[in-house]
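Here are the chains, one letter per residue:
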Amino acid sequence: MTDFAPLLQPDRGQPARTIHVVHPDAWETWLTAQPPRVRSTVAAHRVTGKPGNRAVLPGDGADDWSMLLVCNESLDSPWRIASLGAQLPAGTYRLANGEPGAAMLGWVLAQHGFHRYRKDDAADGPRVLLTGEPARIAETLQIAQAVAKVRDLVNTPAADMGPAELEAEAAALAQAHGGTLSVTRDDALVKGYPMIHAVGQAAAKGREPRLIEVEWGNPAHPRIAVIGKGVCFDSGGLDIKPSSGMRLMKKDMGGAAHALSLASLIMGARLPVRLHLLIPAVENSISGNAFRPGDVLATRKGVTVENTNTDAEGRLVLADAITRAGEDAPTLILDFATLTGAARVALGPDLPATFANDDALAEALLAAGTATGDPLWRLPLWDGYDEMLASDIADMVNAPDGGFAGSVTAALFLRKFIPANTPWAHFDTFAWRPSAKPGRPKGGEALGLRAAWAMLKARYPAA
């Protein structure tokens, strides 16, 4: 775990270099107020007040300088000064005007990288940001740790992040916060969670499927279930993916990474809830005993599913986990999954497709996403498409033929396993960033995590 604590410190007037963040609309006013030496330096750097312009500004002494950044990000954007958090020399800094606020998160995350398999040659010491809002430091660091955990888990190759490793992550989380871990595998999995078993049955020894559960909190508090798709590698099964589609399938456990991190935030803040974390952990492999297209699968709920596509496996394992969660009458169910390519076609990599059976829940999530700079986009649970899930020989299919509305029909499949009158939201998240942005390197990414956390924190405020 990365130690982010040194990167944010209370401002007690200690020496620090200054960062000037200027909005393009305020550029001329700011520049007019500067002394001649600053205006000359700005001109020499050809800084014209466009977003992204920057310059090192001279001070009064030989070693006295400050940093200028022209930025059109809003004051509440986490990424407002993230580029500087990654690129400035090691040292201590403060903003010239105002407090960093939400930008503390981007500053911290800009200094996080995934270095498990190679040395970080660029590391040159911490860049410390001072703030006059010390009460925000602890929560910012907790969120940064949660985001970094998602990134690290998703970036880890499948050889080192299988079902057993997800179980170890859940066990460590339970131990750290006084939760109770339970794991269902082998014959108990075959009998109790037949779809989780079916998807994972072809995996090699040591990578067997399992359902991982953690219970935490006072049983008298409202019960919430957080579920994460833990497909540690997805070959596509017998409906095998092409090599281009398989290249990033180490990230198919991104839903589990989100669920683990959200659970860590809930436990760390001691929200007054009874948390039930569920991770169906499997590897969708190919061997002589792999489940087949056309097989009719039993489910924990008791209905049958005709498997039309072994590459639509995530919804199968989630359905058994959702059924288990519903047996304890939760007041809320949230699930995270890297579920469909259709969601990416519709919304691209940055917007998790969000489905909810409760308008108030959906509105709260969308508002939380906007407030935290972690945007979501609601897609419909369109009842008219339920008929696409009809099967000639079973109660339903897992993936309709034709390919229309793929993310919607996947969500409708999951909805069939949600208990009646239970508020539920489903995040079809990419969990990956295909190109780098300030504070957000290429690779594994938490998308929807901060929005879900802000919603939960508002709904269940800690004492």
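Check the entry above for the structure.
Focus: the overall build of the protein
And then number 1: A tally of regular secondary structure across the protein gives 15 helices and 20 strands.
And then number 2: Principal-axis analysis of the C-alpha atoms places the extent of the protein at approximately 80 × 45 × 45 Å.
And then number 3: The proportion of buried residues among the 463 residues of the protein is 54%.
And then number 4: Sequence-distant contacts in the protein: of pairs separated by 6 or more residues, those separated by 24 or more amount to 77%.
And then number 5: For the protein, the exposed surface amounts to about 19,100 Å²; the carbon and sulfur share of it is 52%.
And then number 6: Both charge centroids of the protein, one from 45 positive and one from 50 negative side chains, sit 5 Å from each other.

Concerning unusual backbone geometry
And then number 1: We note that R46 has phi near 55 degrees; this positive angle belongs to a residue other than glycine.
And then number 2: Inspection of the secondary structure puts R46 in the loop between α2 (36-44) and β3 (54-58).
And then number 3: We classify R46 as exposed; its relative accessible area is 73%.
And then number 4: For A431, which is not glycine, the phi dihedral falls at a positive 60 degrees.
And then number 5: Relative to the elements of secondary structure, A431 occurs in the loop between β18 (424-428) and β19 (432-433).

Let's talk about the pattern of salt bridges
And then number 1: Inspection of every chain in the model, using the stated rule, returns 30 salt bridges.
And then number 2: Notably, a salt bridge pairs E167 with R210, separated by 2.8 Å at the nearest N-O pair. One end of the pair, E167, is in helix α6 (residues 163-177); the other, R210, is in strand β8 (residues 210-216), with 43 residues separating them in the sequence. Of the two residues, E167 and R210, both sit in the buried class.
And then number 3: The salt bridge involving D328 is made with R223; its shortest N-O contact spans 3.1 Å.

Focus on the nonpolar core
And then number 1: In terms of nonpolar packing, the biggest core is built from 82 residues, with W107, L166, L262, I266, L277, L334 and L456 touching the most fellow members.
And then number 2: Among the elements that make up this core, the one with the highest residue count is helix α5 (residues 135-155) (10 residues).
And then number 3: Within the second largest apolar cluster, 43 residues are counted, among which are L211, A225, I227 and W424.

Observations regarding the sheet that holds strand β4 (residues 65-70)
And then number 1: An order of β1-β6-β5-β2-β4-β3 is seen for the 6 strands of this open sheet, with the pairing classed as mixed. Both edges of this open sheet fall to β1 (8-10) and β3, since each of them pairs with a single strand only. Going from strand to strand, the sheet's axes swing by 30 degrees on average, the running direction of each strand aside.
And then number 2: Direction of pairing for β1 relative to strand β6 (residues 127-131): parallel, over a ladder of 3 bridges. In the strand pairing of β6, L8 is matched with L129.
And then number 3: Sheet strands touched by α2: β3 and β4. Its angle to β3, the strand with the most contacts, is close to 150 degrees.
And then number 4: Strand contacts of α5: β1 and β6, with the helix running at about 170 degrees to β1, the strand carrying the most contacts.

A short note on the packing of α6 against helix α10 (residues 254-269)
And then number 1: In contact at an axis separation of 10 Å, α6 and α10 are set at 5 degrees when each is read in the N-to-C sense. As the angle between them shows, α6 and α10 are arranged roughly parallel. Together, L166, E169, A170, L173 and H177 of α6 and A256, L260, A263, S264, M267 and G268 of α10 make up the contact between the two elements.
And then number 2: Of the residues in the contact of α6 with α10, the class split is 7 nonpolar, 3 polar and 1 charged.

Considering the sheet that holds strand β12 (residues 296-298)
Backbone hydrogen bonds are what pair the strands of a sheet, in a parallel or an antiparallel way.
And then number 1: The sheet built from 3 strands is open, its strands ordered β12-β13-β17 with mixed pairing. Whereas interior strands pair on both sides, the edge strands pair on one side only; in this sheet they are β12 and β17 (396-397).
And then number 2: Here β12 pairs with strand β13 (residues 304-306) via 3 bridges, running antiparallel. Its bridge partner lying in β13, L297 is registered against V305.

Quick look at the packing of aromatic side chains
And then number 1: As enumerated under the stated definition, the model contains 6 aromatic pairs in all.
And then number 2: Judged by centre distance (6.5 Å) and plane angle (55 degrees), the ring pair of W65 and Y93 falls under tilted. With W65 in strand β4 and Y93 in strand β5 (residues 91-95), this pair connects stretches of sequence that are 28 residues apart.
And then number 3: Accessibility expressed as a relative area gives 1% for Y93, which makes it buried.
And then number 4: Grouped by ring-pair contacts, the aromatic residues W65, Y93 and W107 constitute a single cluster.
And then number 5: The ring centre of F417 lies 5.6 Å from the NZ or CZ of K301, which sits over that ring.

Cut-off values and rules
Residues numbered from 1 in each chain as written. Predicted model: local features only at pLDDT ≥ 70, side-chain atom pairs only at ≥ 80, totals over all residues. Heavy atoms only, no water. Helix = DSSP H or I, 4+ residues; strand = E, 2+ residues; numbered from the N terminus. Buried < 20%, exposed > 50% of the residue type's maximum accessible area, 1.4 Å probe, protein only. Contact = heavy atoms within 4.5 Å. Areas by Shrake-Rupley, 256 points an atom, 1.4 Å probe, with all protein chains shown as cover. Lys, Arg positive; Asp, Glu negative; His and termini not counted. Charge placed at Lys NZ, Arg CZ, Asp CG, Glu CD. Salt bridge = Lys/Arg side-chain N within 4 Å of Asp/Glu carboxyl O. Core = buried A, V, L, I, M, F, W, Y, C linked by side-chain atoms within 4.5 Å. Pairing = 2+ DSSP bridges. Axes fitted to C-alpha atoms, helices over the stretch in contact; angles between N-to-C directions. Parallel < 35°, antiparallel > 145°, perpendicular 65-115°, else oblique. Nonpolar A, V, L, I, M, F, W, Y, C, P; charged D, E, K, R; others polar. Phe/Tyr/Trp six-rings, centres within 6.5 Å; stacked < 30°, edge-to-face > 60°. Lys NZ or Arg CZ within 6 Å of the ring centre and 35° of its normal.

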